[in-house]
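Per-entry structural report
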Amino acid sequence: MKTLVWVEHDNQNLKDATLAVVTAAAKLGEVHLLVAGKGVDGVAKQAAAIEGVGKVHVADDAAYEHFLAENVAPLIVSLMGSHDAVLFPATTTGKNIAPRVAAALDVMQISDILSVEGADTFTRPIYAGNAIATVQTSDKKLVITVRGTAFAKAAATGGSGTIEAVSGEGDKGLSTFAGAEIAKSERPELTSAKVIVSGGRALGSSEQFHAQIDPLADKLGAAVGASRAAVDAGYAPNDYQVGQTGKIVAPEVYVAIGISGAIQHLAGMKDSKTIIAINKDEDAPIFQVADIGLVGDLFKIVPELTEKL
Amino acid sequence: MKVLVPVKRVLDYNVKPRVKADGTGVDLANVKMSMNPFDEIAIEEAVRLKEKGAATEVVVVTIGVAKAESDVLLTARAMGADRAILIQTDDEVEPLAVAKLLAKVAEEEQPGLIILGKQAIDDDSNQTGQMLGALLGWPQGTFASKVELGGQGVQVTREVDGGLETVDLKLPAIVTTDLRLNEPRYATLPNIMKAKSKPVAKKTVADYGVDVAPRLKTLKVVEPAKRSAGVKVGSVDELVEKLKALGVAK
Ligand SMILES: Cc1cc2nc3c(=O)[nH]c(=O)nc-3n(C[C@H](O)[C@H](O)[C@H](O)COP(=O)(O)OP(=O)(O)OC[C@H]3O[C@@H](n4cnc5c(N)ncnc54)[C@H](O)[C@@H]3O)c2cc1C
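Residues numbered from 1 in each chain as written. Chains lettered and ligands numbered in written order. Predicted model: local features only at pLDDT ≥ 70, side-chain atom pairs only at ≥ 80, totals over all residues. Heavy atoms only, no water.

Let us look at the sheet that holds strand β5 (residues 83-88) of chain B. The sheet built from 10 strands is open, its strands ordered β11(A)-β9(B)-β8(B)-β7(B)-β10(B)-β6(B)-β1(B)-β4(B)-β5(B)-β11(B) with mixed pairing. Since the sheet does not close on itself, it has two edges, and those belong to β11 (175-182) of chain A together with β11 (200-204) of chain B, each with one partner. On average, each strand axis in the sheet is tilted by 30 degrees relative to the strand beside it, whichever way the strands run. Sheet analysis places strand β7 (residues 140-149) of chain B next to strand β8 (residues 153-160) of chain B, joined by five bridges and oriented antiparallel. Bridging from a neighbouring strand, L149 of chain B pairs with V154 of chain B of β8 of chain B. Along the sheet, helix α4 (residues 128-136) of chain B makes contact with β6 (113-117), β7 and β10 (173-177) of chain B, crossing β10 of chain B at roughly 175 degrees. (Pairing = 2+ DSSP bridges. Helix = DSSP H or I, 4+ residues; strand = E, 2+ residues; numbered from the N terminus. Axes fitted to C-alpha atoms, helices over the stretch in contact; angles between N-to-C directions. Contact = heavy atoms within 4.5 Å.)

Encoded structure:
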């Protein structure tokens, strides 16, 4: 089987999310990549260096700079004559584009796969990960999004893919990019961090969120996450949200502070290796999944902990 | 401008899903079913557009069981939708087939905007809006946290992995809602009573001539690996020791 993997990047650097998708694709067959963007020579070279990669298709066009689904989906569809499967990371970019490709190909997409059980059979989470379904497709082509935490990352070096320019129809004239507010942070990215410190509604304000969570995260070299309640209340930005409908994370250590442990939150972090919970309610559901729990007032515990580390 | 809002009836988000012992799926017998929470946000947004004078009519559509007429479609009308369409089926319909049915509805209704939830909390697919965009050839503003109608188009602020992104879309367009787009109003009792007189058109899948045969076969459904509760420590010092043992603290 010939697979095509959507390369996640920001026109300068290839993103780690791509590497887990390469691993998933390699289980199906030959791995080709697609780098679509503007001024992406550097990304194409990084892509070609990924271990096990064959061809790297590069579509360099201003119309693809912001990965607008309206423009990018037809490009991918045009490459599906010579590929049997296309795989995307289950990032907001992948989730935006993949179904548009699937519908154009008349294929039922398989979202957020956890494993490859065979050429047409996959497992995927449903009901916020409270159930795992094994599904088999009867479609001729495959359109798949891949949960990054479920697959090991392919090695970013050691490969020798061949770069080949491709072109598509460019701008479809349906949508334009108007701007972005992308948070710049010195901290590791949530989805690839080894340690995450997350805060919940209990923090009470944006000031307290930063005053309590940030110094502890700095001490642990951790990324910062949040529950939906904390994001909704404006204590933390939207891209911090961990959960069923936010980011899925699986760090070595996840520290949940003042988070109750609703199923929608657990859906995003319960595959973490070690979960630590700090909560004043000893019956909080988070303790049912926590490896290490400390019952008490976070406003006393967190400063003391930060101080002692 | 007419706004079309497709909604789905799902297991209520407060109910913990239980996997059936025979591994065929999640047990939906005698459990509370509600409107998918993202779809409530979609209705709210549509109704606000109407209240602002930017939309003339809000039409809600669901594909599902007959009972939807008296629960989710009633809620939708009580929240402010003007009328409803029920495409009745007892079968599970996959996102691709749902999108095909919705494309037919859109051809009939000619809405200027279709607002959908970004995902349904049962199958968590996150596909229908984008698929509908492809089938209609319309632009899509997915995971919206802000929607602003202008002269010829709509500006959508999207929640993306790195933060926020804003796109300008030509109309007609598709919008899918994220959690922070708005806070949906409650369907009050008086409004529920009034909503009963708002029309519901009853259709069947066959009326639309769409092949809805599933492409995916569910071979089995199992519970995920269980985590067991660990230990509780008694003090910050003990926690520090644990963190050191884990190698994340010096
Ligand atoms: C469609 C849908 C999607 C959702 N998606 C997500 C998602 O992706 N991610 C997500 O997180 N949620 C999601 N939710 C929301 C989820 O259901 C919960 O409402 C949310 O996770 C609760 O956040 P929380 O734990 O911070 O707040 P709460 O549930 O209010 O918990 C606060 C906790 O803090 C503790 N506490 C209070 N004061 C202190 C103190 N001084 N010291 C220590 N502990 C204290 C309390 O005991 C309590 O356990 C979703 C909900 C819906 C309906």
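Now that the structure has been shown, the text picks up again.
Facing 78 residues of chain B, the contacting portion of chain A comprises 83 residues. In this assembly, chain B packs against chain A so that about 6800 Å² is buried in total across both faces, 56% of it on carbon and sulfur atoms. The largest contributions to the chain B side of the interface with chain A come from D161, R215 and R227 of chain B, which together make up 11% of the buried area. Our count for the contact surface shared by chain B and chain A stands at six salt bridges. The closest approach of N and O atoms between D237 of chain B and K308 of chain A, which form a salt bridge, is 2.9 Å. Inspection of the chain B/chain A interface yields 47 residue pairs in polar contact (both at pLDDT 80 or more). Contributions of two or more residues to the side of chain B that touches chain A are made by α3 (95-109), α4, β7, β8, β9 (163-170), β12 (216-222), β13 (231-233) and α6 (236-245) of chain B. The dominant element in the side of chain B that touches chain A, judged by the number of residues it contributes, is β9 of chain B, at eight residues. Each residue belonging to the side of chain B that touches chain A can be placed in one class, and the counts come to 38 nonpolar, 18 polar and 22 charged. (Buried area = accessible area lost by both parts, 1.4 Å probe. Salt bridge = Lys/Arg side-chain N within 4 Å of Asp/Glu carboxyl O. Polar contact = N/O pair within 3.5 Å; in protein donor to acceptor, adjacent residues only side chain to side chain. Nonpolar A, V, L, I, M, F, W, Y, C, P; charged D, E, K, R; others polar.)

Residue and element names in this part refer to chain A. Relative to the helices and strands, T306 resides in helix α8 (residues 298-308). One polar contact links the side chain of T306 to the main-chain carbonyl oxygen of V302, over a distance of 2.8 Å. Residue contacts for T306: discarding those within four places in its chain leaves P215, L216 and K219.

Residues annotated in UniProt with the feature "domain: Electron transfer flavoprotein alpha/beta-subunit N-terminal" (unreviewed entry) correspond here to residues 3-181 of chain A. Secondary structure within residues 3-181 of chain A divides into 23% helix and 35% strand; the distance between the first and last C-alpha atoms comes to 33 Å. (UniProt positions renumbered as here; feature names shortened; annotations may be inferred.)

Further remarks concern the domain arrangement of chain A. Residue and element names in this part refer to chain A. Along its sequence, chain A is organised into domain 1 (2-165) and domain 2 (195-308). Centre-to-centre, using C-alpha coordinates, domain 1 lies 31 Å away from domain 2. Both faces combined, the contact of domain 1 with domain 2 buries some 570 Å², and carbon together with sulfur accounts for 52% of it. Taken together, domain 1 and domain 2 are joined by zero salt bridges. Taken together, the links from domain 1 to domain 2 amount to one residue pair in polar contact (both at pLDDT 80 or more). (Domains from an automatic or database assignment.)

Side-chain pairs of opposite charge can arise whenever the charged atoms involved come near each other. Residue and element names in this part refer to chain B. The final tally for this structure, using the stated rule, is 34 salt bridges over all chains. Notably, a salt bridge pairs R83 with E109, separated by 2.7 Å at the nearest N-O pair. Taken together, the residues R83 in strand β5 and E109 in helix α3 connect sequence positions 26 residues apart. We note a salt bridge from K226 to E223, for which the minimum N-O separation is 2.7 Å. Judged by its relative accessible area of 69%, K226 falls in the exposed class. (Buried < 20%, exposed > 50% of the residue type's maximum accessible area, 1.4 Å probe, protein only.)

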